[in-house]
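# Analysis of the macromolecular model
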Amino acid sequence: MVGLWRWRRNPLRRGTDLAEAWVALTAVLLLALAAPAVGWLGGKRVDAALRETVRVQHEQRHRTSALVVSSTPRRALTAFDAESATEQNMGLRVVATWRAPDGTARGGTVPTSLRTPHAGDTFTIWADGQGRYVRAPMNAEAGRAHAVLAGLGFATLAAGLVEGARRLIVWRLVQRRYRRLDRAWAAAGPDWGRTGAGS
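Presented here is a report on the structure given in the accompanying data block. (Residues numbered from 1 in each chain as written. Predicted model: local features only at pLDDT ≥ 70, side-chain atom pairs only at ≥ 80, totals over all residues. Heavy atoms only, no water.)

## Regarding the overall build of the protein chain
Just so we agree on the cut-off: A run of H or I in DSSP becomes a helix once it reaches four residues, and a run of E becomes a strand once it reaches two; helices and strands are each numbered from the N terminus. Buried means the residue's accessible area, taken with a 1.4 Å probe over protein chains only, is under 20% of the maximum for its type, while exposed means over 50%, and partly exposed covers the values in between. Between two residues, a contact is recorded if the distance between any of their heavy atoms is within 4.5 Å. Accessible surface area values rest on a Shrake-Rupley calculation with a 1.4 Å probe, where residue burial reflects the displayed protein chains alone.
Within the protein chain, the regular secondary structure consists of two helices and seven strands. Its helices and strands taken in sequence order, the protein chain reads α-β-β-β-β-β-β-β-α from the N to the C terminus. When each of the 199 residues of the protein chain is scored for burial, the buried share is 26%. Counting contacts in the protein chain only where the partners sit at least 6 residues apart, residues at least 24 apart contribute 59% of the total. In the structure as shown, the protein chain presents an accessible area of about 13,600 Å², 61% of it carried by carbon and sulfur atoms.

Structure representation (structure tokens):
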């Protein structure tokens, strides 16, 4: 609002003042309208891609029951799983057997959610189409959260680009203003101290 004076008719108003005011107005409109639109469109695209990822992962990964054969105790560590947006116990690993979707027996060392696993205990794991252990598929809530964050990132990036462009244009206008002032000053030329200048 401070820059509105640049639109008033004034004999001291320079062309660069008016151009700077138009640049500021354009930047405000882009920040208010274009940046949120870019964020919304980017978030929608990411959301559609993540929905497809969730669908494919749920088709390709199958929940199955695993049987503990023996435990390999380790200090329990928890890690955040970005795909499912949950904490998973990554420290306790056991040797287990399970069935692949085609019914064949599979086995290996896998992490377990059991606090104190013993031989014969059962727990749930996820396996791919060949029966290999895989992480749980991404859930829809995690996909939505990732899409919202991506949309905010796109909006922030668009706003940063608009503000950067505005600052660059204003800097160029100020440089042009200084060059004109230097030329005008050189043409008028200060005459103090010169012999015969009359001062």
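Okay, back to it.
## Considering the pairing of strand 4 (residues 93–99)
In plain terms, the rule: Pairing between strands is defined by DSSP: at least two bridges between the two strands are required.
Only one face of strand 4 is buried: it carries Val94, Ala96 and Trp98, and the other face, with Arg93, Val95, Thr97 and Arg99, is open. The pairing of strand 4 with strand 5 (residues 105–111) spans seven bridges and is antiparallel. Note on strand 5: the bridge partner recorded for alanine 96 is glycine 108. Counting the residues that bridge the hairpin from strand 4 to strand 5 gives five residues, and of these glycine 103 lies at a positive phi of roughly 95 degrees.

## Structural notes on a positive patch on the surface
The line we're drawing: In this analysis, a patch consists of residues with relative accessible area above 30% that form no salt bridge, clustered at 9 Å for like charges and at 5 Å for the nonpolar side chains Val, Leu, Ile, Met, Phe, Trp and Tyr. Definition used for salt bridges: Asp or Glu carboxyl oxygen within 4 Å of a side-chain nitrogen of Lys or Arg. His is not counted here, nor are the chain ends, while Lys and Arg score as positive and Asp and Glu score as negative. A charged residue contributes its charge at one atom only: NZ of Lys, CZ of Arg, CG of Asp or CD of Glu.
Among the surface-exposed residues, Arg172, Arg176, Arg179, Arg180 and Arg183 lie close enough to one another that they form a single positively charged patch. If you trace the backbone, arginine 183 turns up in helix 2 (residues 140–188). We classify arginine 183 as exposed; its relative accessible area is 52%.

Note that every value here comes from positions in space, so none of it alone points to a role or purpose.
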